[in-house]
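Next come the chains, spelled out residue by residue.
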Amino acid sequence: MTTLHLVIDTPEPGEYFGRLDVLEALEAAGWVGDDDMPLSILRHPSGAVWAVMNESDDSGLDCPNGSVIEFPGSTPAVVIVAACLAATA
């Protein structure tokens, strides 16, 4: 089993990263950017898909079992990443 250690930096006040923090963490965990929208949609080999839905940073996770989880833009990156990793386990 591979151990994954993620470090998600907190942006300084006034900095804007969108959900780049989540995107980079998921890519480090083996997720791949979509061919058409690589900075907004990531896919996992298990069939899970995470995507940013709007400019407010709302995002969603389609799980391999058919469940859909929606995250408001204010959801901390670590919560989204944890949910995405759990969905692929």
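So, here's what we can say about the structure. For clarity, every value in this text was computed on a predicted model and none was experimentally measured.

With that out of the way, let us pick up the overall build of the protein. Across its full length, the protein carries two helices and five strands. Moving toward the C terminus, one meets the helices and strands of the protein in the order α-β-β-β-β-β-α. In the protein, buried positions account for 31% of the 89 residues. Counting contacts in the protein only where the partners sit at least 6 residues apart, residues at least 24 apart contribute 34% of the total.

Strand order in the open sheet made by the five strands is E1-E2-E3-E4-E5, with antiparallel pairing throughout. Where the open sheet ends on each side, the last strands, each with one partner, are strand E1 (32–33) and strand E5 (68–71). Relative to strand E4 (residues 59–62), helix H2 (residues 77–87) is tilted by about 10°, and along the sheet it contacts strand E3 (49–52), E4 and E5.

What follows concerns the environment of Met37. Looking at the secondary structure, you find Met37 in the loop between E1 and strand E2 (41–43). The partly exposed category is assigned to Met37, whose relative accessible area is 42%. Separated by 14 residues in the primary sequence, Met37 and Ala51 place their C-alpha atoms 9.3 Å from one another.

Relative to the assigned elements, Arg19 resides in the segment before helix H1 (20–28). When sequence neighbours within four positions are dropped, the list of residues in contact with Arg19 reads Trp50, Val52, Asp57, Gly73, Thr75, Pro76, Ala77 and Ile80.

Moving on, we come to the state of the cysteines. Across all of its chains, the model carries zero disulfides by this definition. No disulfide involves Cys63; its sulfur sits 7.9 Å from that of Cys84, the nearest cysteine.

What follows concerns the pairing of E5. Pairing analysis gives four bridges linking E4 to E5, with the strands arranged antiparallel. Each bridged residue has a counterpart across the sheet, and for Asp62 the counterpart in E5 is Val68. What sits between E4 and E5 in their antiparallel hairpin is a turn of five residues, with Gly66 showing a positive phi close to 95°.

Calculation rules
- Every chain is numbered on its own, with residues counted from 1 as its sequence reads.
- It should be noted that, the model being predicted, local features are given only for residues of pLDDT at least 70 and side-chain atom pairs only at 80 or more, the latter also being counted only at that level, while totals for whole chains, interfaces and linings use all residues.
- The basis for every side-chain value is the complete set of heavy atoms in the structure, and neither hydrogens nor water enter the calculation.
- A run of DSSP states H or I qualifies as a helix once it reaches four residues; a run of E qualifies as a strand once it reaches two. Both are numbered from the N-terminal end.
- For the exposure calls, accessible area comes from a 1.4 Å probe over protein chains only, and a residue counts as buried if that area is under 20% of its type's maximum, exposed if over 50%, partly exposed in between.
- By the convention used here, residues are in contact when the closest approach between their heavy atoms is within 4.5 Å.
- Strands pair, by our definition, only if DSSP identifies at least two bridges between them.
- Lines fitted to the C-alpha atoms define the axes, with helices restricted to the stretch that makes contact. Angles between their N-to-C directions range from 0 to 180 degrees.
- The term disulfide is used for any two cysteine sulfur atoms that are within 2.5 Å.

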